[in-house]
Amino acid sequence: MLTAAAASAQSAFTNALMNLSPGPVAYWPLQETVQPPLAEVETNYGSFGAGGNAYYSSTDAVPGAVGIGNGDTAVSFRGSLSGAFLAVPQTNGLSLPVGPFTVEAWVYPTNVNSANAFTIVSQTGPYGTGGLNGGPNSGGWSLNENYIPSHNNNNSLLGWSFHVFNGQGAAGGAEVIAPNYITVGTWYHVVGVFDGNNAYLYVNGTNAGTALSQINGAYVQDTWTPLTIGSGRGFNNNEYYGSIGEVAIYTNALTALQISNDYAQGTSPTYVATVMANNPYMFWRMNAPAYTAPATTAYPVANSYGTGNNQNGLYLSGDKPGVPGPSGPSYPGMPSPSLACAFNGIGTSATNYINLFTNGVFTSANVAASGVMITNLDPSMNLNNPVAHLTNSITAMCWFKSNPADDRYQGLFGHGDSSWKLSLSATSGQIAWFPGIGGDFDTPSGINYNDGNWHFAVGVYQYYGPASGSNFVYVDGNLVAQEVMTTAVGNPSITNLLLGGAPDYDPSGGSFGYRNRFFSGSLAHCAYFTNALTAAQIVNLYTNATGGASLSAPI
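Residues numbered from 1 in each chain as written. Predicted model: local features only at pLDDT ≥ 70, side-chain atom pairs only at ≥ 80, totals over all residues. Heavy atoms only, no water.

A. Local environment of the overall build of the chain. Counting secondary structure elements, the chain contains seven helices and 35 strands. Going through the 555 residues of the chain one by one, you find that 60% of them count as buried. When contacts within the chain are restricted to residue pairs at least 6 apart in sequence, long-range pairs at least 24 apart make up 71% of them. Carbon and sulfur atoms make up 52% of the accessible area of the chain, which amounts to about 18300 Å² in all. (Helix = DSSP H or I, 4+ residues; strand = E, 2+ residues; numbered from the N terminus. Buried < 20%, exposed > 50% of the residue type's maximum accessible area, 1.4 Å probe, protein only. Contact = heavy atoms within 4.5 Å. Areas by Shrake-Rupley, 256 points an atom, 1.4 Å probe, with all protein chains shown as cover.)

Right, dumping it as structure tokens:
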């Protein structure tokens, strides 16, 4: 392992950071390049490649179900509102083109209650809300069962719908329904086609759709919400009951002949070749084999440098360490090459974590959870004793870049809700700092850091005396928010620290059914101090990173 001195010699920024006195208890540059074991995924066989692999987010999405009869299996979805879906992360900037496209799937319903709405496959968030940085979400598309998006309810539909959004509200998009009666225990071939103006629905090879509207204007992409299979309206909504197989997406409008041919070949061993001849952009056969969790030693180490003993972390299966060049902070005072770790932002449900942690100790994993987990915390970072915290000043910092990501509350770096955390706020792209005293302290509204650019975030808690102190938040060297605090700290029940997520939403803590506070973006150079850094020290770190660039105007 490199010594602290060797780490500090890597760049002007790391040199300035490691030369602070007192120095950091822990410093994770996140400059490693060894990849973690692959999570449980459905392989994308389309032209988009591995960036389109779909991650299992819960054991309530079960591979190995009986398929349509062509030799492939399918995935069974239990629709239990606990993460029963697959997701294609936005790490690689996935979105369908503005032009025509087609969405194709085979589905096997097991629940036809018209009071329930189900989504087969989609890339969109909650309609009217849940958009990027709190704005209305009216971008993207969805292929659904028993659901009419323009009404934002099922409207007693027993059938299928396909909706393409125009960015101006659900009522202005192209929408088509196929009000066909659905029989449980039956395979259906459902295809949504958008030709640039109109939407069409084919069921079992036949154009069965009734157009409700053509698009008013043009299709607007959703570039921040992951593509999901088995759920819709963002993560963990409209979850599907039944099985889904052979999901394909094309960047063109398939013809009626191509669609009828796909349906006719559905039960034939030549089906896969037939689909591939149509040149899919993404194609998941939904036939992943049983997943075997790798040994703990297979997960690469994220080295820490500082005064704390053995604060190294483990890169989990949803991470992509070693993102090079422009994907790391590219300022002249950063290491060359400047690396980072990208996180897929996908959590999972509690049932997936059975083999991941035992009494808070990492053992093995079979999940898509992303983040760098540190389980053997220095006592100064644990902060699980209110008395100890009330006599402590702390500083936490990291460089971060969002995708930009959807509007979920996302943990950047921290120890949880009842201890300390640095986060990206859910609705506005603000930075939220919580030192374990009071509530979330946000940067001013109207400032968006969920913008796809690298930023340097620093949270400081300055202890003044018993139950008294101040919060400070710095972004890119500027003091952007401060407040006086007088409330005592809580007592956390967790022992882990997570970079790229919230540890009380991870395998080890809480009673949450579905964990969704994972960061969708990249991190580099996270550090923790048991003192309050001064404004001058923080400015010095930032200007060393940027090569002396002047700060933007403070707020």
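B. Structural detail: the pattern of salt bridges. According to the stated counting rule, one finds three salt bridges in the structure shown. As a salt-bridge pair, Asp 72 and Arg 285 come within 2.9 Å of each other at their nearest N and O atoms. Placement of Asp 72 in the loop between β4 (61–65) and β5 (74–78) and of Arg 285 in the loop between β18 (282–284) and β19 (301–302) is noted, with a sequence separation of 213 residues between them. The class of Asp 72 is buried, set by a relative accessible area of 10%. Close ionic contact of Arg 517 with Asp 417 constitutes a salt bridge, the shortest N to O distance being 3.3 Å. (Salt bridge = Lys/Arg side-chain N within 4 Å of Asp/Glu carboxyl O.)

C. Representation of the sheet that holds strand β28 (residues 421–424). Spatially, β19-β20-β25-β34-β27-β28-β29-β30 is the arrangement adopted by the eight strands of the open sheet, whose pairing is antiparallel. Strands at the two margins of the open sheet, each flanked by one partner only, are β19 and β30 (441–442). Relative to strand β34 (residues 497–499), strand β25 (residues 372–374) runs antiparallel, the two sharing three bridges. The partner of Val 372 across the bridge, within β34, is Leu 499. (Pairing = 2+ DSSP bridges.)

D. Summary view of the state of the cysteines. Counted under the stated rule, the structure contains zero disulfides. Cys 341 carries a free sulfur, and the closest cysteine sulfur to it, the one in Cys 526, is 9.5 Å from it. Here Cys 398 stays unpaired: no disulfide links it, and the sulfur of Cys 526, its closest cysteine neighbor, is 4.7 Å away. (Disulfide = S-S within 2.5 Å.)

E. Spotlight on the sheet that holds strand β2 (residues 41–42). An order of β2-β3-β6-β16-β8-β9-β10-β11-β15 is seen for the nine strands of this open sheet, with the pairing classed as antiparallel. Looking at the sheet topology across the chains shown, the edges are occupied by β2 and β15 (210–213). Bridge count for β2 against strand β3 (residues 54–56) is two bridges, and the pairing is antiparallel. What sits directly across from Glu 42, in β3, is Ala 54.

F. Structural detail: the nonpolar core. Grouped together as the largest cluster of nonpolar side chains are 42 residues, with contacts concentrated most on Trp 141, Trp 160, Phe 162, Ile 229 and Trp 284. Counting residues per element, this core draws most heavily on strand β7 (residues 101–109), at four residues. In this structure, Ala 26, Leu 30, Leu 377 and Ile 394 belong to the second largest nonpolar core, which totals 38 residues. (Core = buried A, V, L, I, M, F, W, Y, C linked by side-chain atoms within 4.5 Å.)

G. A look at the confidence of the model for the chain. Per-residue confidence for the chain gives a mean pLDDT of 83, with 84% of residues at or over 70. Here residues 1–5 scores under 50 on pLDDT; set against residues more than four positions off or in separate chains, the count is seven contacts. A low-confidence stretch, residues 507–513 (pLDDT under 50), is modelled with 18 contacts involving residues beyond four sequence positions or located in other chains. (pLDDT = per-residue confidence, 0-100.)

H. Region of interest: helix α7 (residues 535–546). Helix length check: α7, at 12 residues, gives a terminal C-alpha distance of 17 Å against a target of 16 Å (1.5 Å per residue), a fit within 8%. Along α7, the positions that sit buried rather than exposed are Ile 538, Leu 541, Tyr 542, Ala 545 and Thr 546. With its buried residues spanning 125° around the axis, α7 presents them on a single face. In this structure, the buried side of α7 is in contact with α2 (12–18), β26 (394–402), β31 (455–465) and β32 (468–475). One or two positions beyond α7, positive phi appears at Gly 547, with a value near 80°. (Expected span 1.5 Å × (residues − 1). Arc of directions from axis to C-beta.)

I. Examining the pairing of β26 more closely. The element β26 is extensively covered by neighbouring structure, given that nine of its nine residues are classed as buried. What you see with β26 is no split at all: Ile 394, Ala 396, Cys 398, Phe 400 and Ser 402 on one side and Thr 395, Met 397, Trp 399 and Lys 401 on the other are buried throughout. Bridge count between β26 and β31: seven bridges; the pairing is antiparallel. In the sheet register, Met 397 faces β31, and the bridge partner there is Val 458.

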